[in-house]
Structures are given as structure tokens and as C-alpha cells.
Protein chains: 2
Amino acid sequence: MPPQRTATKRTTKRAVATRVFPHLAIECVAPQLDCGRFAVKRVLGDSFEVSADILKDGHDQLAARVRWRAPGDADWRTAAMVYENDTDRWSGGFPLDRIGAWRYTVDAWTDHFGTWRGELRKKLEAGQDVSLEVLEGAIMAERASRHATADARKALRQWVATLRDITVDASQRATAALDLALLALMEEHLLPDDLTSYDRELVVWVDREPARFAAWYEMFPRSQSTVPGVHGTFADAERALPRIARLGFDVVYLPPIHPVGHTNKKGPNNSLEARPEDPGSPWAIGNEFGGHTAVDPRLGTIEDFDRFVQAAHRLNMEIALDYALQCSPDHPWLKEHPEWFFIRPDGSIKYAENPPKKYQDIYPMNFWCEDREGLWNACRDILLFWIDHGVRTFRVDNPHTKPFAFWEWVIGEVHERHPDVIFLSEAFTRPKRMKHLAKLGFSESYTYFTWRNTPGELREYLTELTHSPMAEYFRGNLFTNTPDILHEYLQRGGMPAFRVRLLLAATLSPLYGIYSGFELGENVPVREGSEEYLHSEKYEVRVRDWSAPESLDPDIERINTIRREHRALQLSTNLSFHLSENDQILFYVKSAPDFGGRDDLLIAVNLDPAHAQETMVHVPLDRLDLPADAPYVVHDLLTGARYTWRGSRNYVRLDPGVQVAHVLHVER
Amino acid sequence: MPPQRTATKRTTKRAVATRVFPHLAIECVAPQLDCGRFAVKRVLGDSFEVSADILKDGHDQLAARVRWRAPGDADWRTAAMVYENDTDRWSGGFPLDRIGAWRYTVDAWTDHFGTWRGELRKKLEAGQDVSLEVLEGAIMAERASRHATADARKALRQWVATLRDITVDASQRATAALDLALLALMEEHLLPDDLTSYDRELVVWVDREPARFAAWYEMFPRSQSTVPGVHGTFADAERALPRIARLGFDVVYLPPIHPVGHTNKKGPNNSLEARPEDPGSPWAIGNEFGGHTAVDPRLGTIEDFDRFVQAAHRLNMEIALDYALQCSPDHPWLKEHPEWFFIRPDGSIKYAENPPKKYQDIYPMNFWCEDREGLWNACRDILLFWIDHGVRTFRVDNPHTKPFAFWEWVIGEVHERHPDVIFLSEAFTRPKRMKHLAKLGFSESYTYFTWRNTPGELREYLTELTHSPMAEYFRGNLFTNTPDILHEYLQRGGMPAFRVRLLLAATLSPLYGIYSGFELGENVPVREGSEEYLHSEKYEVRVRDWSAPESLDPDIERINTIRREHRALQLSTNLSFHLSENDQILFYVKSAPDFGGRDDLLIAVNLDPAHAQETMVHVPLDRLDLPADAPYVVHDLLTGARYTWRGSRNYVRLDPGVQVAHVLHVER
């Protein structure tokens, strides 16, 4: 196979100097999301570690630094990176002490003086002549002196003289030049001659801590009256708050609180015929009393809402509102801005549909209409309105049915003014679309957790959430149930099933939530095979008796207390699964550095709500720094019991009628 | 934890329209190397498959295409991408029928007509009123007609009339509108209103096929005389070619052929004192007869070289030259261009060193000297000179000791003029530096293969080469030995060890090579524990007797013939390892589509050169489309023997004294 012969044209005078020739290669800077297109996420107080591959030809010593700009700062700051032997990998970090967008990148250069110093030492040890080497050192010291402050300049010039003093033996001068004082001077004052920067600036978005660690409670304020059948008010909802606070929740999330549409109103159990007294679905937003910036008069006034928000704050809780961008047929926007909707050839406005299904109580907005700017601004202003009323967290309804571009824009607009605002994405859709919404800026996201019930499903899914690239940007909020999802596992497993799912949600993830009624074990579906509740609160007022003896309130209060007391449960990527010889018992470890020590929790959960199960669990002794042969004590934070364990394999038995799980703190 | 309250500033009139709002997200376009910073590699004749995640909100049908520009073309071409159900992943491809740099990217848009048509069908099936839908279809058809050619415009207008004909029942008009003729017209003429392009153009570099599939033979032309002690010539080397061609090699690689320096010349076995008659190391380039563009007069003239190259071409082989950018103390450049070297404070030129070691026969160039442009151009012109003399392949000596920027530049300069040139990187250094050189443009690379001898090492390393991201850009050339590397496995294993390593190199990779003397089983190191040869050809002329009875020539000829006859051995990423119950026997499969069928090779190699080993190997029946229970015949291409196998587990016994391997072709 002789190669093809081509006539050669010589163009020896092409200007090589006009191109850019980096002396070093900086690659694989981490963390990094989609080539820097999106920000990675952290929370306030985290220390941020950046690493990079830094490559150069030859054997010179290199130096590198991470460079960053804090939110609102004009100046860059830097910190030295350290080299991990023989890996070409460098790392360095800085503390994230402010919320908002931090920019970071990496610089590297050749450490000429360090290289010279290392080689000089080897030559001295080998007894070689170093008379030229000391003169080369003098040249470098002289160069450094040019950019030095007065004192340093004087010191460096002294070194130049010393190195050039031919009355002294070269090896003696060289030995002197190994002085750490000279090294320090040179490290500070010798400018790099090949400073190379990574070709991108990356962004880490820093949220306040509840974006990663919070317990959510969803409740319908209209169900908070104490009289069955009577529509609750914000005042009723305010009276419900102390119990929720006592249970240890951080966020109280309300479905839409706006005026509810009349036209095509849904009746109980999603029936198409509603009676006048039926309250309608709160997601059919808008009527003659207003739209997304009004409150349902049946709940009270905006002042009542403000009082409710303040009451929550006094209890150290915050209120999350629903941001559901759709309108009932009676929403004021349909008359004021028909151009923001889809207009059909007969001039009518198009209702929602998923052919052949029709949703005639809901009108979607046309985000790409001619007046896109007006519509988008109005949607943003809804958020700004509620922010003005003390709301800093929004649960966003079905974001995957509105343009990705809109979310990136509106979250950016809000964060520019209020970097403390938290957005929860309620997108139950295909994995890549859920991930993309998180990349675009959602602080946290609903997950597939309700549908992950077997040990294999839980291990695989939680490992993906905490150890795949998702860990950098997707914060899963594990809800045990929602008004739309009552899983078969809960329908069939009785109270033990509820305890299992509570325990899993609250310990597998620092972010979790329950929807009102969960604590009472409500488990009746609207019909066999459905995940909808019978008499769903979406269409009816449901007044509950919280004093029921079977209530899970004590369990919830206990686990939320444990979460607040243990740093290991406040982090996400510190989860690891370990062998349990009986697969029905899931065994995992949450580990964290704690104030002055370490916080290791060994958690075993019996996933079988119907039968006692026993197993041998395998404790990762090395990782936990536990002795291979000496006994150690584990303390069950749920019951207070203490067990003496030894070695890796230890016995666990869990009877769901008594206790579905151990949350074992390793005592040191 | 009440959120902090911040004063809200409303700026409702921010211009959203001035930003860019892509309607779709195009992500994870593959193949792709380091965010498109570097090209992926293919060879002529490959078909190139591109895939991407394409995401949009809602439920609209999407459409996508791959778009590419062939080398030298100004225009882009496109091909439709197809959707893989429920994965959000699309793929499409095009044939690579030209060498050089191909650019490619991905476009996507909403398929409005397809969406409309799908929904219309569902509504018709549900018996719903579709009178507005047909009018909406008419609007789309009208829009399409505006951009259509005359005939299509006429046809589309006819459809508009049909859809609007209120004398006909709407469902009848809708049924008519499902006509495939209308679909075809709309697919061709309805312009996308939200065409979104991936935000980068990517590059695939296409080499001629020997960049991926070739057998290399390294020889020192000065050793090709038939009289011991007499320095060989190009004429002698020419006489050596027919044997090498008969053995089935494609590339004959020569260490440097340039004048050899006298000063500090190395003697036998790398001794510092050479006798006048010692030939010196060919890597000490340059003397009074010239430098990198001259030939050693002892080898002949440039015309002799040209004849030698032509002789190789006539035998369907090509000559690869060594590109070693360093100079002997006698190289003309030291006098003509001292500014291209490192000048010491006393005005002397700095020789190579790795303190405390000194290499006084070699002077490195200063690639970042003041006259960088002159030096780099001169280095490029060395390549262009030899290209003019029929050379299209260069083995580059120690590229990791010259700047990365230089390699990217010089390979680009050469490829701009001669895209058929192949560069082999001889960098034995840390993994990331080897990978980086491949990314910068080297067509192929030496590997760690010589040091991978156990089954685990081979499986792990070859899996990385063929199934990690390296597979996109790093083509490993598996040399069994080099003048610098005689591995202990060969030193101790006798001829069976040589057979094992030959078999592995030639079947694990489409690119492999041997260094002259391998076929004679030369295995004596310069001293115990060294990988250097005794009487290394680097410092001495070595005349060999190719007619030795123990020669591996028949083995080499056989395996090279098999390689040429079997497509499966000409590809790289088609390698998979499978279970062998005795770990001493390595078992792997190479599979390829062949002309009108498939080419599956099952390869078992006994890695123990001292003992017979037996095992049960596990054939991946599913992957090979073999029956679970019926017998099938495998044909040993090395011996001609045929075996009838059945099911997955089959027996293999290999006695290294008889046969170290089976290369079994599955007969169909």
C-alpha cells in the first residue's frame, strides 16, 4: 500500500508567531457540567475543591493555582493547588461563604526556580561542577528582583551578588542557594514566563443550606378547618403550624392558594360534574377575584396570608408556594391578554389536551407568542410578588411542559435579585428532561423515589443520585407521597410500610417530604390499580383528626430530630450501600466529619412490611476506621438501645410490627 | 430557618427579546473529545455515526439531522437522524469517503405537521370533532406552499382548498389529510420555525486505512549487509525487503538514517568510550555531512534512499522514518543556529541531562527560543523534505520531551498539505501525557503492551484501549519489542514466549510491530534486570542469519496472512474478553461484519510459555448468534484443524511446545 504522492508546496515563511501556543495543557477541570454550559451546585459553608490535569513536556516542575471570583466581587482571588504524585492531577480549593454565582478557573506555569533548585541539589549530591548553575540562578534572582517590593529587591540583589561571588567556591554558593529564604523570595517574586489559563471560566452556584437539607410538609390550607365540610382559612392553617413545627419540618408547601375557576370545575374524585359547593381544583387558577397574584377569598386576604407566613417564620419554618403556570377559563389574563394563549382558527382559546384526552378546565400559555416578552415578564413578576410577601421557596408545577429557555431565564432573573430563592422542580418525566431542568437552575427536584421500592431499585437509583454526575447539580427531594402518588406499596403494606418509606426518605436523602395524611396512614386509592387517592384533596376539602392513636407523629418527630442532630444526614453524596446477606434488609452507611470527630450512621431497614427478617450486615470497617477484631458499640438512635458489635459481619433482626429499622450511631 | 428578606426592585421592562432563547436543547453529542477541543479519528471508508440527546418541553414530535462538511468542501450536507424510543436519543450518520478534517454538528426542530397529524389521527379514532384541526392543517399547508417549488406549491394549494372545503364533512377532510402524499410535501416544504443547532462544530479526522491497520517491521539499514562487521547500505536494505514483504509487513520503519555525530560518540553497550570504527548511535544526529535532511554517507546517497523507497512501494510496503528532534554536538545547526539551543552563562550550548545523568552526545533544542518561528519552520521543513522523497509515515522519537503546542502546530501544518501522512508517537511516559499527544494529532501511539503480560493486565489494558474514551483518538501500536525494550517475559520464556507475544500483538490490535531480531528469538539482555539488549544495535552493526531453523518467519507469515484475510483483525473496538476457567489461557473474541456475512474469531492464547494448560472457555453465543444447543464448527486458522463445538463452554488445551494459541474462525 504505497502512499499517494502529492506535490509539495513549501511555504516556509508562515507566521507561527501569530497563533496562540499554550506552553501547558490544562484539562479535565472538575467539577464541571457539560463543558461549563451549566453551573454546578453547592450550599453556603461548603468548601469547594477544584482539580485539574496539568500537563507539560519534559521534566520541569510545575505550579498551579485555582482562581475564583465571589458573587458581586470584581477581583479574582487565588489559592495554590497541590500535586498528587505521578498522576498529573492537581487540586486546590476555597470556602464558599456567600450565596450566588462564583466563577472559577485554573492557572498553571513552569516553576523554573523550583526546577533549578531540584536539579542543583542532585548535582551537588553527585559532586558535579555547578559553576554555571549558580550563575543561572543569579540570572533568575535578578529577574525576580525587578518586580519585587523594596525590601525583597534588596534581599534578592544580595542573593545575586552571593551567587556571582567568584571568590567563593561554586558548590558552596550552590549550597547556600538552597536556603529556604531564597525559595520563599523567588516563589513570591519570580513572575511566570509561561502562565497558562484554562480556556473556560466555570460557575458554581451557591444556595443557602435548605436547598440541600430540609424536611418538607405539603398541606392544603383549605383542609385546615376543624369542622368537616367547612373550607379552611389562612387562620386555620396558622393554627396547624405548631404541630408541623413540633414534628420537625422546615418547609410547609401549599398547593396553589389563588382564586379557583368555575367553568368546567372538577367535582369529587376528578368527576366532570361538580356541585356548586365543591371547592374545585386549586390548580385551575384564576377567577373574577384575580389570578396568580391573588389569594382565594375563601382562604382570606393577602394580609391573612402575610400573617400566616410570619407565623411560620416565628416557628423557624418557611412557606413554599406552588408556581403553576396555567389558567382556568376564568383567569383574568384570558380577557386581558388573549394573545398570551393559543388562538384557534375560530378565534377561541385552546384548552389543554393530550389527544384524545381534553382538559377543558385548564388553558396553557403560549410561551412563544408574539408578545413573548410581555408574557415572560408577567410570569416573572408573579414570583417577585410572592417574594415581596416573604416567600423564598417555590414548588414549580410541571416545568417540563413549559420551555426550557423560559426556566433558565426566569430563574436567572429571580436569582439576580434574590439569590436566596429556592426552586423545586415537579417534573415527572423521562430522566434526561428531569436532569436538564436541574441543569437549567432548579435548586432541587422531585424524583422517582415513590416508584423505587425493592432493594435493587433503591440501591441503583440512590447511587445514581449521589454518585453519578447528577450529584453535581440534581438534588433529589424524596417525597413519600404526593396528592398524585399513593404507591401500591403504601396501599398494601399497612402502617409498617409507611414507617419504612418515611425512614428511607428521611435517611437516604437530606431533602425529603411527606404530604399531609401520610402520618395517618391514609392508603385508599380511588380504584384498584390507581395511584390516586379516594376523595382526593385535589377536589375536596378534607378535615383530619390528628389525634388518631395510630399516628406516625412520634416516628416523624424522632427521625427529624435525629436528622437535625447528625451532620451525616444533612449531606447527600456521603451515602454508600453495603452487603446485607438477606436482600429484604437494606443496609447503608451515612458518614460525615463532625465537629471535632466523625459522625457515622449504620442504617438497616426491613423493606418487607409483612414479615420479620434477619440478616448479617457487612460493616465497611476500613472506611469507618473501625477495628477488625475489637468490639465497638452502636447506639440505635430510634430506640436508644445499644449493641456491641465486632468485626464486619453483624446480626440484625427487624420485625415490622415492632421496629422497621435501625439507625445506629457508631460510638467512639 | 426563615429566609432572609431582601428589598424587591421591579424592572418589568427588561428586554427578554435581546437574549438568545433556543427552543430545544441539544446535548451529549457523540462522538466528542474534550468538548470539541480535539478531533476524534476514523479511517477512510468508515461510516460515521453521530448521536445526540435532543430535548424539548411538552409532547411535540421533533425532527433532527446531522450536518457535515467534507474536507475542502464549502457546503454543508445533511442526513436525517432517527429517534430511539423513549430515550431522547437520536442518531444518524454519513460515509467518510475522503481523508482530512470533516466538520459535523446537529440540528433539531419541532415537527409541527407530524405533531398535528398524530393528534388528528387520535381524535379521529376517538370520534371527536376536528373542524378546527383541519383548518389549522390548512394554515400549515399554506405556509409550506410559500417556499415550495411550482409543482409542490400547486399541490399544497390544492390541499389547502380541500382542507377548507366546508361542503365536505370535517372528519372526511381530516381522513384525507392523513394521506402520505401530503406528509411528504409537508416534510419537504414546511420550514421549521424553531431550528436549533448544537452550539459547537466538531471535527473527525479521517486517515488512510494504514493508520489503523498495519503490521510494522523495524530494522536498522546499517545491519543489512551480509558480511558481519560491515556497515550496510540502502542497497543492502533493499535486498532485505522481499523477505519482509513475504512475511506480510506493511510498514518498514528505519531508525534515523542521518549522519551520525562523532563527539562523545557512544561505543558498544552504551559505553562512553567508542572506538573509531564503532558506528555510533543513529539518534546522535548530524555531522559534517549534514543534519536531519541528509543521509549517512555510509548508507549511500539520497538517490540510493529514493531507490530503496521505490523498491518498498513496489512490494506494497511503505517506509517510515524516525523524526528525532535533537542534535549531536556536530550537527550543522549548532554552528548555523546556536540561538535555537539553550545557551549557558559561559556561552556554551547546553547538552541533554536528567540530573545527575548527563547525555553529552545529545543537544536538545530550545523550542521557546527567541527565533521560535525559524526553528519551528525548520523542523516542519524536515518533514516536508522527506515527504518529497516518498515518505508518508513518521515514527516520532520522544515527543513528550518537546512542547505539546509544537506537535499540534507541526502535525497541522503537514496535514494541511498532506492529509495522508501518518505520525506514530513514541512516548513512554505517564498515561495522561501519552493520551494528550494522541489528542494533539498523532495518528498512532506506542503503548505499555510490552509490560502487560499477565491475563489481568492484558484484559484491563486492552479494554481501556478499545472501550474507553481512548478508542476515539488513541490508536495503540502494539510492538512486541523495540531496540530499548526486551521484556523479561521474552528473556526467560524461550521461543514459546515469542510466539505468545507475536500472537497477542497481531490479534489484539490491528496495529502491531516487531523489531528485527524478534523472529530469531534474540533474548539476551545487556545485564540481569535490564530491558536493554546485549550488543544493542543502537551502538553496533548487527548482521543476522535469517535462515536459522528456529526462526519465527513461518508464524509471522501465517498470522499476517490471517490478518489480511479477516476483517475482524483489521478493526480495533471489536475486541471483547470472555471467561476462561483457567486464567493462564486468555480468551477473547474479534467480531466484524464481513462482505455479506460476519467474521467471528475466537482466540485462545496460553500465556504460560513453559507448561501445557487446559481450560473451558465460555463462548458468548448470543452475541455471535450461535445456537445454544446445536453444534457449530470452528476452524483453527493457524493449523487448519477443525473442531466441533457445542454451547458456550468448550474445551481448549494448549501445549506451548506444540501450539501456543488457537485462532478459531466460526464457520457458518
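Below, the structure is looked at part by part. (Residues numbered from 1 in each chain as written. Chains lettered and ligands numbered in written order. Predicted model: local features only at pLDDT ≥ 70, side-chain atom pairs only at ≥ 80, totals over all residues. Heavy atoms only, no water.)

### Concerning the sheet that holds strand 30 (residues 661-666) of chain B
Residue and element names in this part refer to chain B. Put simply, the rule reads: Note: two strands are recorded as paired if DSSP finds a minimum of 2 bridges between them. Secondary structure follows DSSP: runs of H or I at least 4 residues long count as helices, runs of E at least 2 residues long count as strands, and numbering of each begins at the N terminus. Here, axes are lines fitted to C-alpha atoms. For helices the fit covers the stretch in contact, and angles between N-to-C directions go from 0 to 180 degrees.
Spatial ordering of the open sheet is given by 23-24-25-30-27-28, a layout of six strands whose pairing is antiparallel. Pairing within the sheet leaves two strands with one partner each, and these edge strands are strand 23 (575-577) and strand 28 (642-646). Ignoring which end each strand starts from, the neighbouring axes of this sheet average 30° apart. Here strand 27 (residues 631-636) runs beside strand 28; their pairing, made up of five bridges, is antiparallel. Looking at the pairing, His-635 lines up with Arg-642 of strand 28.

### So, the packing of helix 6 (residues 234-247) of chain A against helix 7 (residues 302-314) of chain A
Any two packed helices are characterised by the angle at which their axes cross and by the distance between the axes. All names here are of chain A. Condition: Throughout, the term roughly parallel applies to angles under 35 degrees, roughly antiparallel to angles over 145, roughly perpendicular to angles from 65 to 115, and oblique to all others. By definition in these notes, contact holds between two residues if any of their heavy atoms fall within 4.5 Å.
Closest axis-to-axis distance for the helix 6/helix 7 pair is 9 Å, and the angle between their directions is 5°. As the angle between them shows, helix 6 and helix 7 are arranged roughly parallel. Two secondary-structure elements touch here, helix 6 through Phe-234, Ala-237, Glu-238 and Leu-241 and helix 7 through Asp-304, Phe-305, Arg-307, Phe-308, Ala-311, Ala-312 and Arg-314.

### A word on the relation of the copies chain B and chain A
Two chain copies here: they are related by a rotation about an axis and a translation along the same axis. What counts, and what does not: For this overlay, a least-squares fit was computed on C-alpha atoms, restricted to residues scoring pLDDT of at least 70 in both copies.
For the pair chain B and chain A, the relating rotation is 180°, the translation along its axis is 0.0 Å, and the fit reaches an RMSD of 0.0 Å. With respect to symmetry, the two chain copies, as superposed, fit the operation of a two-fold axis. Residue Cys35(B), judged by its C-alpha, is the member of chain B lying nearest the rotation axis, at 3.0 Å. The fraction of interface residues of chain B whose copies in chain A are also interface residues reaches 100%, indicating that both copies meet through the same surface.

### Remarks on the interface of chain B and chain A
Rules: Reported buried area values correspond to the accessible surface (1.4 Å probe) lost by two parts on association, with both partners' losses combined. When a carboxyl oxygen of Asp or Glu lies within 4 Å of a side-chain nitrogen of Lys or Arg, that pair is called a salt bridge. We call two N or O atoms a polar contact when they sit within 3.5 Å, provided that within protein one can donate a hydrogen and the other can accept it, with sequence-adjacent residues counted only if both atoms are side-chain atoms.
Facing 95 residues of chain B, the contacting portion of chain A comprises 96 residues. Across the chain B/chain A interface, buried area totals approximately 8700 Å², and carbon plus sulfur atoms make up 51% of it. Connecting chain B to chain A are 12 salt bridges. Note that Asp88(B) is salt-bridged to Arg430(A), the shortest N-O span being 2.7 Å. Our count for the contact surface shared by chain B and chain A stands at 26 residue pairs in polar contact (both at pLDDT 80 or more). Sort the elements by how many residues they give to the side of chain B that touches chain A and helix 9 (residues 372-388) of chain B lands first, with 10 residues.

### Some remarks on the pattern of salt bridges
Formally: Here the term buried applies to any residue with accessible area under 20% of the maximum for its type, exposed to any over 50%, and partly exposed to those in between, with areas from a 1.4 Å probe on protein chains only.
Evaluated as defined, the whole model comprises 108 salt bridges over all chains. With its nearest N and O atoms 2.7 Å apart, the salt bridge here joins Arg67(A) to Asp107(A). With Arg67(A) in strand 4 (residues 62-69) and Asp107(A) in strand 8 (residues 100-110), this residue pair connects regions lying 40 residues apart in the sequence. Each member of the pair, Arg67(A) as well as Asp107(A), is classed as buried. A salt bridge links Asp199(A) to Arg200(A); the shortest N-O distance between them is 3.2 Å. Residue classification places Asp199(A) among the exposed positions, given a relative accessible area of 54%. Residue class for Arg200(A) comes out partly exposed when judged on its relative accessible area of 22%. Look at the salt bridges and you will find they share partners, linking Lys123(A), Glu133(A), Glu136(A), Arg344(B), Lys350(B) and Glu353(B) into a network.

### Observations concerning the sheet that holds strand 28 (residues 642-646) of chain A
Residues and elements named next belong to chain A. Pairing is antiparallel in the open sheet, where six strands are placed in the order 23-24-25-30-27-28. Here the strands that pair on one side only, and so sit at the sheet edges, are strand 23 (575-577) and strand 28. The sheet shows a mean angle of 30° between the axes of neighbouring strands, taken without regard to direction. Examined bridge by bridge, strand 25 (residues 597-606) and strand 30 (residues 661-666) share five bridges and lie antiparallel to one another.

### Focus: the state of the cysteines
Applicable threshold: Criterion for a disulfide: a pair of cysteine sulfur atoms within 2.5 Å.
Under the defined criterion, the tally for this structure stands at one disulfide over all chains. Between Cys35(A) and Cys35(B) runs a disulfide, and the two sulfur atoms are separated by 2.0 Å. Negative torsions about the S-S bond denote left-handed disulfides, and the value of about -95° found for Cys35(A) with Cys35(B) makes this one left-handed. On the criterion of chain membership, the pair formed by Cys35(A) in the loop between strand 1 (25-30) and strand 2 (40-43) and Cys35(B) in the loop between strand 1 (25-30) and strand 2 (40-43) is interchain, its members lying in two chains. Take Cys35(A): its relative accessible area is 22%, and that puts it in the partly exposed class. Looking at the unpaired Cys327(A), the closest cysteine sulfur is the one in Cys379(A), lying at 8.3 Å.

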